[in-house]
Amino acid sequence: MNDNIPWWSSETFWKKTAIWVTGFMFVVLVVLTLDTLPKISVGSERVPAYSVINKHIDYVFNDERNIQVPVIGENAPLFGKMLTEEEAEALVTHGKKITQGRNCMGCHTLLGNGSYFAPDLTKAWLDPAWSSEPEREQYMIDFLMNPEENARSFGSGRVMPDLNITEKEAKAVIAFLKWMSSIDTNGFPYNFTVLDREE
Amino acid sequence: MSFEHLNGGQQLAIKYYTVAIGLFVAQILFGLLSGMQYLIPNFMLGLLDFNVTRTVHINAMIIWLLYGFIGSVYWLLEEESQTKIVGLKLGNIAFWVFTIAVAIVVVVFLVVQSGPGDDATRWFINEGREYIEAPRWADIGIVICILVFFYNVAATFSKGQWSGIAGVLTLDLVALAGLYLAGMFYTTNISMDQYWWWWVIHLWVEATWEVLVGCLMAWGLMKTLGVSRKIVTTWLYIEVALMFGSGILGLGHHYFWIGTPEYWLTIGGFFSALEPIPLVAMVVHAVYDSGVKHSKANNHPAFAWLIAHAFGNFFGAGVWGFMHTLPQINLYTHGTQWSASHGHLAFFGAYATIIIAMMYIAAQYARGQSVFDGNLPDGGWKWKWSLGLLNLGVVGMTVALLISGYEQSFIERAVGGSTWYGYFAAQTHPWFVEGMWWRMVFGFVTAAGIVLLVWDLLTIGKSRKAKETLETSAQTA
Ligand code: HEM
Ligand code: HEM
Ligand SMILES: [Fe+2]
């Protein structure tokens, strides 16, 4: 081979660069991951413990961060029953597994990821579609158990299919949704109107 | 027809390609059904709900692209390593196991569809996580088959000879297979769930798959244009450096809103904004080489699809990805039709295209032709029309979805405050609905393109006599 190839276009130079860049970026990703994992573990500041379903959850504009953030308030037990940490975890876990087993993500987004055929569920617990706080739990149960007759699709004609959700299952799903609404998502969704807080 | 003159790897490749094309057709059919459900809300309700048709649509895509990649690697394996493939029998068994597993998964998706909220559902019916809905038993089956594939590749190169392409390819396959494991566990914590889910999805399509197609592109340019190995290998290393340099931390553009800390807004925004650079480099590379060689390709359809790949990758991933990758914009576009618009152009432009190119290279050798040039008996109208219709169809769908996406981000997000009411206000807005109709129109254009593509792949070069002089790697051993 000839020696006139400048260093910056030589095969070996780029081979070494490729190896070093890849290795370096991967190490940085691992370090960032080690920092992130505790910050998104259940019971952290950003991702509250499952027992948060015993509390009132709100989503309020924070002037300092300039976005809406979840605010955990007074006791407001789900379905009127205070749960221990273990009971809450079991209920939310059942709910999450139901959402996977029925493939909710095949129509909805959760934390904005999934499909776009139906509304995002990140803050579904706080949605004004449930009329008012006192009525919310029953409305949600009715909807999940019989979505075709209790459609909340505002004249679009689109209905959620009947997924044969029992009352017990509906309650677990609602627990999961309530817990998810307490996650600090850096202000997503933006400009959200919370139930009973309409101006 | 007989494939006796092909080497073992190539014969296996033909099998993978055959299933790939079948799944591609299935993908399009179920895409059409999903699209119809936007227009006629009760269409197949209770029979095949949207979540069923869509799941089949995207899973068929992931699997056919994987089949296409695996087939392409088997195709070039013996030639690149200058030796006979190691463990071909095992490779064949893995193909059948994999294919039967895929068939079972599809049938279960269509017939059983869903299950109760217990662990058995995730193990045997549906995992309910986008793109990796396949139940756990199938995940494990897939991993085993991929390991066999990896053994074929690594052992063959080790026995024969290593090249730059071979080295990059083999290391990339390790990463690709390893990443799949990140999606194979259950957690109730949805933030943690999505954190690792994106390792599979993003680090596949924006890192390992990109490098894999970089290898195929390097090999394809040598094959169709006769570009020198030194040049394509150097470009491949540049590609790897730029792609992994930006794409690994670019992962952060999925960590804006899932509960992860705020520093990801900066890291994700910055590094993902750099991701288009390697894609521009690829366009430059491909166009420059074609200029040098005066586009004198020995296989016109393959070469055309390689160029479609370079541009499709650049526009679909680079431009359409960049458009919504900064957090300031993504806050409004996250999880809207914007994502669907980008997803279609990127997956088609970056991945479907290059696999089709590889299939044409395979068809040329399988049919014993020394060239697929302007002298094809039918003037090559089938490949030209299918190229045109498929690209027009996907670009048309992409633009239609983008218009709906714009409308959705304004009406639902900015004005409507992202409530359920805001969502449906956007979905019923005439601009949105028109976009959905146009998507459907172009969906049928795409479907017409695939009919022609299948027809062409089945027939191209068949009627001409095979050239005796044809140099195939069958002789190498
Ligand atoms: C006849 C043509 C097609 C039609 C009518 C169609 C329709 C659809 C529909 C309705 C969805 C669901 C979007 C939603 O959740 O709202 C979808 C998703 C998707 N399709 Fe297609 N599709 C077609 C072809 C393709 C092709 C050729 C590709 C790529 C090779 C593709 C890749 C995808 C991907 C990646 C998604 C998921 C997007 C996301 O989650 O953001 N589709 N398609
Ligand atoms: C060939 C490479 C690529 C493919 C196949 C691809 C495909 C996709 C798909 C299917 C989605 C939707 C995921 C979902 O269903 O939730 C997505 C999301 C996204 N992609 Fe890509 N992509 C590619 C490259 C890129 C690049 C290079 C960029 C940036 C420059 C980018 C930026 C994004 C962003 C920001 C999102 C998130 C959208 C949201 O927030 O909803 N992508 N990509
Ligand atoms: Fe990404």
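This one's a predicted model, so the numbers in the text were calculated from it and none came from an experiment. (Residues numbered from 1 in each chain as written. Chains lettered and ligands numbered in written order. Predicted model: local features only at pLDDT ≥ 70, side-chain atom pairs only at ≥ 80, totals over all residues. Heavy atoms only, no water.)

K.L.:
Got a sec to walk through the side chain of Ser 272 of chain B? Specific residues and values, please.
P.N.:
Residues and elements named next belong to chain B. Along the chain, Ser 272 turns up in helix α9 (residues 263-274). On the basis of relative accessible area, Ser 272 is assigned to the buried category, the value being 4%. Setting aside residues no more than four positions away along its own chain, Ser 272 makes contact with Gly 250, His 253 and Thr 325. (Helix = DSSP H or I, 4+ residues; strand = E, 2+ residues; numbered from the N terminus. Buried < 20%, exposed > 50% of the residue type's maximum accessible area, 1.4 Å probe, protein only. Contact = heavy atoms within 4.5 Å.)

K.L.:
Can you lay out the interface of chain A and chain B for me, pointing to particular residues and giving the numbers?
P.N.:
Contacts between the two partners involve 85 residues from chain A, matched on the other side by 83 residues from chain B. The contact between chain A and chain B buries some 7300 Å² in all, and 65% of this surface belongs to carbon and sulfur atoms. The largest per-residue losses of area from chain A upon contact with chain B belong to Glu 11, Gln 100 and Tyr 116 of chain A, which jointly make up 11% of the total buried on that side. In this structure, the connection of chain A to chain B is made through four salt bridges. Where chain A touches chain B, the interface holds 36 residue pairs in polar contact (both at pLDDT 80 or more). If you list the elements that add at least two residues to the side of chain A that touches chain B, you get α1 (11-39), α2 (85-101), β3 (109-110), β4 (113-114) and α4 (167-180) of chain A. Sorting elements by how many residues they give to the side of chain A that touches chain B places α1 of chain A first, with 17 residues. (Buried area = accessible area lost by both parts, 1.4 Å probe. Salt bridge = Lys/Arg side-chain N within 4 Å of Asp/Glu carboxyl O. Polar contact = N/O pair within 3.5 Å; in protein donor to acceptor, adjacent residues only side chain to side chain.)

K.L.:
Tell me about empty space enclosed by the protein, residues and numbers included.
P.N.:
Once rolled over the atoms, a probe with the size of a water molecule shows which space is left empty. This model, assessed by the stated rule, comprises nine cavities of 30 Å³ or more. Quantified by volume, the second largest cavity comes out at close to 320 Å³. Along its surface, the second largest cavity is lined by 27 residues, and His 108, Ala 118, Val 159, Met 160 and Pro 161 of chain A are the ones closest to its centre. Of all the secondary structure elements, the ones that give two or more residues to the lining of the second largest cavity are α2 (50-81) and α15 (420-428) of chain B. Its residues placed into classes, the lining of the second largest cavity shows 18 nonpolar, five polar and four charged. (1 Å grid on protein atoms, 1.4 Å probe; cavity = no way out; pocket = protein on both sides within 12 Å on 5 of 7 lines; lining within 4 Å. Points joined across faces, edges and corners; volume = space filled by probe spheres on them. Nonpolar A, V, L, I, M, F, W, Y, C, P; charged D, E, K, R; others polar.)

K.L.:
Break down helix α3 (residues 88-111) of chain B for me, citing the residues and quoting the values.
P.N.:
Residues and elements named next belong to chain B. Over its 24 residues, α3 extends 35 Å from the first C-alpha to the last, a length consistent with the 34 Å expected when each residue adds 1.5 Å. Of the positions making up α3, those classed as buried are Gly 91, Asn 92, Ala 94, Phe 95, Phe 98, Thr 99, Ala 101, Val 102, Val 105, Val 108 and Phe 109. Where α3 is buried, its residues touch α1 (8-39), α2, α4 (119-124) and α5 (136-159). Once α3 finishes, Gln 113 follows within two positions and takes phi at roughly 70 degrees, a positive value. (Expected span 1.5 Å × (residues − 1).)

K.L.:
Describe in detail the pairing of strand β1 (residues 55-62) of chain A, supporting the description with residues and values.
P.N.:
Residues and elements named next belong to chain A. Strand direction decides the pairing type here: β1 and strand β2 (residues 67-75), joined by seven bridges, are antiparallel. Bridged to Tyr 59 within β2 is Pro 70. Linking β1 to β2, which pair antiparallel, is a turn of four residues; within it Asn 66 sits at a positive phi near 60 degrees. (Pairing = 2+ DSSP bridges.)

K.L.:
Please provide a residue-by-residue account of the layout of surface pockets, values included.
P.N.:
Estimated volume of the largest pocket: approximately 630 Å³. Residue lining of the largest pocket: 26 residues in total, with Thr 22 of chain A together with Leu 171, Asp 172, Val 240 and Phe 244 of chain B positioned closest to the centre. Ranked by residues supplied to the lining of the largest pocket, first place goes to helix α6 (residues 164-180) of chain B with nine residues. Of the residues contributing to the lining of the largest pocket, the split by class is 17 nonpolar, seven polar and two charged.

K.L.:
Got a sec to walk through the coordination of the iron ion (ligand 3)? Specific residues and values, please.
P.N.:
When four donors bind a metal tetrahedrally, each ideal donor-metal-donor angle is 109.5 degrees, and when six bind octahedrally, the ideal angles are 90 or 180 degrees. Residue and element names in this part refer to chain B. Ligation of the iron ion (ligand 3) by protein atoms is provided by His 202 (ND1), Glu 206 (OE), His 253 (NE2) and His 254 (NE2), these donors lying 2.0 to 2.2 Å from the ion. One can describe the donor arrangement at the iron ion (ligand 3) as irregular, given that its four donor atoms subtend angles of 85 to 146 degrees at the metal. One chain supplies every donor to the iron ion (ligand 3), and in sequence these donors are spaced H-x3-E-x46-H-H. Taken as a pair, the iron ion (ligand 3) and the iron atom of ligand 2 show a spacing of 4.4 Å. Note that His 202 and Glu 206 are positioned in helix α7 (residues 190-225) at a spacing of four residues, about one turn of the helix. Each member of the pair, His 202 as well as Glu 206, is classed as buried. (Donors = N, O, S within 2.8 Å, 3.2 Å for Na, K, Ca; no water. Tetrahedral: all angles 85-135°; square planar, octahedral: opposite > 155°, others 65-115°.)

K.L.:
Before we move on, could you go through the domain arrangement of chain B and cite the residues and values that matter?
P.N.:
Residues and elements named next belong to chain B. Split into domains, chain B comes out as domain 1 (1-161), domain 2 (198-294) and domain 3 (300-462). Spacing between the C-alpha centres of domain 1 and domain 2 amounts to 24 Å. Domain 1 puts 13 residues into the contact, and the matching count from domain 2 is 11 residues. Buried surface at the junction of domain 1 and domain 2, both sides included, amounts to about 1000 Å², of which 80% is carbon and sulfur. It is Phe 69, Leu 76 and Glu 80 that lose the most area in domain 1 upon contact with domain 2, and together they represent 45% of the buried surface on that side. (Domains from an automatic or database assignment.)

K.L.:
Quick one: what's the story with a nonpolar patch on the surface, residue by residue and with numbers?
P.N.:
A contiguous nonpolar patch, built from Leu 90, Ile 93, Val 97 and Tyr 151 of chain B and spanning about 360 Å² of accessible area, is present on the exposed surface. Residue contributions to the nonpolar patch peak at three residues, all from α3 of chain B. (Patch = residues over 30% accessible without salt bridge, like charges linked within 9 Å, V, L, I, M, F, W, Y side chains within 5 Å. Areas by Shrake-Rupley, 256 points an atom, 1.4 Å probe, with all protein chains shown as cover.)

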